[in-house]
Every structure is written in C-alpha cells, then in structure tokens.
Amino acid sequence: MVKMPDELALMRVSGALLASVFEMLDAQNLAGLSTLQVNDMVDRFITDDLAARPASKGQYGFEYVLNSSINHVVCHGVPNAKDIIRDGDIVNLDITLEKDGFIADSSKTYVVGNAPPAAKRLVKVAQEAMWQGIRQVRAGAHLGDIGFAIERHAKKNGYAVVRDYCGHGIGREMHEEPQVLHFGRAGTGMTLREGMVFTIEPMINQGTREVSTEEDGWTVVTDDGKLSAQFEHTVAVTRDGVEVLTLRGTSGRGGWRDGGDGGSAWPFAAHSVRAE
C-alpha cells in the first residue's frame, strides 16, 4: 500500500494529466451533448493530446473511458448516444487515466445550466464533504477519521452517505488496498502511513442512502429517485499531511499540500470555484 518516492513521482504525473482532462471539460458546454459524445471527447483527449491510456476502458469488461451519472444515477452510469445531458441536470463524470504504469482516479459533478437551487446545494455539500474527508489525511491518522468527517458534514446538511461503495487504494492497479469508507468512527480503522495513496469519493444522496443496480449490471440509482452527487480525488499521505494528486486549477503547479495545521492554505471558497 505504501508507494516509494519514485512511484509517487509517477503518480503525480498521472494525477496532473487527469486534472487537465477535467479542465478541458470545464470549458465545454455539456448541455445538448450525449454522454457517449462526452465519452468520445475524453477518449480522444487522453489518447491523442496526453499520450496516456484511459484506464477504465476494458477494465472488468467495461467498454468506455468514463462513467456518466445523471441526476438520480449514483455511480457507474454507462455512456449512451440516447442519454442527452440537459439544462438543469447534474452529471457526475468519473474518469481514470494511466501513464507510465500508474493510475489516477477522479470525478466531478457538473451543474448544467439553470439547475434548481436544491440540486446546486446538494452538489456544493457533496464537494465540501469530500474536502472534509481529505483534511483528515495525515500520517498517524485513522481511516475512520475520514469517513466520520464526511458523514458528519453530509448529515449536518440533511443528506445521506451511500454505504455500498467506497474509496480505494490505487497505483499500478485501479483498485488496491485499503478500502476507504465514507462513514465511520473517528480514531478507528487502519493507521495511515506516509506514502499511502488512495481515493476519497463520497456519494451524497438527497434522500435515502439506499441504492439499486439496474439490469445492465452497471448503473446504480437511488432507491427513491432523488438526486445524488459525487466528487473524488486521488490523495497521497505525506510526512506532514496530504497531497491531492488530481487537483484541478493549479496551472501545472502540482498537487495541493496541507501540513495539517488548520491554517489558511485551504480555503473552502477557492476550492469550490477553481481548485477542485
């Protein structure tokens, strides 16, 4: 589970490349596009522009480079030419990228056009919940600290955390140990060590936390049909805190680092606008 310095250096490259995929998507008007069109756009950008490999394509028999999850779809939505992203939707795009043998994983929920205030609020809180979890990461902390912080923030805002899916270690393989739950008790679970790399990717629901998988075997939806939002970053445990390897909005300066001192290095407002 612990990456050596040379391995971590390669993971920084993968993370920065994946961040640039989302920066490309940030400049697109998604309304009116099919999820398959978005998939193909990302496929071309990763392979042609970045000379990298879309790691999800062919993984576990999945044919596409991303998951596209609209509104009540929680995760693993399958790109389709008939699924049109419309004004007012929220859509999560979950993308993986491999470069020089190492994989990065990240996702973002986009608010498309004039979405209702309730949808915008859910997306905002989902992003905040992810960052609440990230702020717990440092050598000597516990996995339970991450989940506790995430669920506390979601519940405080009247939302539920999906428990059926979790974050995961990542490196040469997309899914490695440890499993990173998005709920839990502070001070419990595995002790974090410098060099661990894993994803934090909470799925936050408007209503019940219960979900179901549709007949295609991939698409996961909320049981009550209410909205779900998700954000995800790949993070590394450092000697002094945490490094976010897939951070967007840093203009090539590398991942964000927090020394764990609770200072001003991490303003919520800045990350909710650009450094996502």
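Predicted, not measured: the structure shown is a model, and the values here were computed from it.

A. Spotlight on the layout of surface pockets. Looking at the largest pocket, its volume works out to about 370 Å³. Along the walls of the largest pocket sit 20 residues, with Asn 67, His 76, Asp 94, Met 174 and His 175 positioned nearest its centre. Split into classes, the residues belonging to the lining of the largest pocket amount to eight nonpolar, seven polar and five charged. When its residues are assigned to classes, the lining of the second largest pocket shows four nonpolar, six polar and four charged.

B. Main features of the side chain of His 233. Structurally, His 233 is set in strand S13 (residues 233-237). Of the residues examined, His 233 reaches a relative accessible area of 0% and is grouped as buried.

C. View of empty space enclosed by the protein. Scanning all chains against the criterion turns up one cavity of 30 Å³ or more. Reported here for the largest cavity is a volume of approximately 40 Å³. As for the largest cavity, its lining consists of Ser 69, Asn 71, Val 73, Val 74, Ile 90, Val 91, Asn 92, Thr 109, Ser 228, Ala 229 and Gln 230. Every element with two or more residues in the lining of the largest cavity is listed here: strand S2 (73-75), strand S3 (90-99) and strand S12 (228-230).

D. Seen up close, the pairing of strand S7 (residues 176-180). Direction of pairing for strand S6 (residues 167-169) relative to S7: antiparallel, over a ladder of three bridges. Considered in S7, the bridge of His 168 is made with Gln 179. Joining the antiparallel neighbours S6 and S7 is a turn of six residues.

E. Here's a closer look at the sheet that holds S3. Within the open sheet, the three strands sit side by side as S1-S3-S4. Their pairing is antiparallel. Each edge of the open sheet is held by one strand with a lone partner, namely strand S1 (66-70) and strand S4 (102-111). Looking at each pair of strands side by side, their axes are set apart by 15° on average, direction ignored. Along the sheet, helix H1 (residues 5-26) contacts S3 and S4; its crossing angle with S4, the most-contacted strand, is approximately 25°.

F. Quick look at the packing of aromatic side chains. Under the defined criterion, the tally for this structure stands at two aromatic pairs. Residues Phe 62 and Trp 218 carry aromatic rings whose centres are separated by 4.9 Å and whose planes lie at 65° to one another, so their mutual orientation is edge-to-face. In this pair, Phe 62 is assigned in the loop between helix H2 (35-49) and S1 and Trp 218 in the loop between strand S10 (211-213) and strand S11 (220-222), connecting sequence segments 156 residues apart. Note on Phe 62: relative accessible area 5%, which makes it buried. Residue classification places Trp 218 among the partly exposed residues on the basis of a relative accessible area of 27%. Put simply, the rings of Phe 62, Tyr 64 and Trp 218 touch in pairs and so form one group of aromatic residues. Above the face of the Phe 183 ring, Arg 163 is positioned so that its terminal group lies 4.0 Å from the ring centre. Across from the ring centre of Phe 22, 4.3 Å away, lies the NZ or CZ of Arg 248, which sits over that ring.

G. View of the pattern of salt bridges. Scanning the model with the defined rule gives nine salt bridges in all. The shortest N-O distance in the salt bridge between Lys 3 and Glu 176 comes to 3.2 Å. With Lys 3 in the segment before H1 and Glu 176 in strand S7, the pair connects residues that are 173 residues apart, well separated along the chain. On the basis of relative accessibility, which here comes to 22%, the residue Glu 176 falls in the partly exposed class.

Thresholds applied
- Residues numbered from 1 in each chain as written.
- Predicted model: local features only at pLDDT ≥ 70, side-chain atom pairs only at ≥ 80, totals over all residues.
- Heavy atoms only, no water.
- 1 Å grid on protein atoms, 1.4 Å probe; cavity = no way out; pocket = protein on both sides within 12 Å on 5 of 7 lines; lining within 4 Å.
- Points joined across faces, edges and corners; volume = space filled by probe spheres on them.
- Nonpolar A, V, L, I, M, F, W, Y, C, P; charged D, E, K, R; others polar.
- Helix = DSSP H or I, 4+ residues; strand = E, 2+ residues; numbered from the N terminus.
- Buried < 20%, exposed > 50% of the residue type's maximum accessible area, 1.4 Å probe, protein only.
- Pairing = 2+ DSSP bridges.
- Axes fitted to C-alpha atoms, helices over the stretch in contact; angles between N-to-C directions.
- Contact = heavy atoms within 4.5 Å.
- Phe/Tyr/Trp six-rings, centres within 6.5 Å; stacked < 30°, edge-to-face > 60°.
- Lys NZ or Arg CZ within 6 Å of the ring centre and 35° of its normal.
- Salt bridge = Lys/Arg side-chain N within 4 Å of Asp/Glu carboxyl O.

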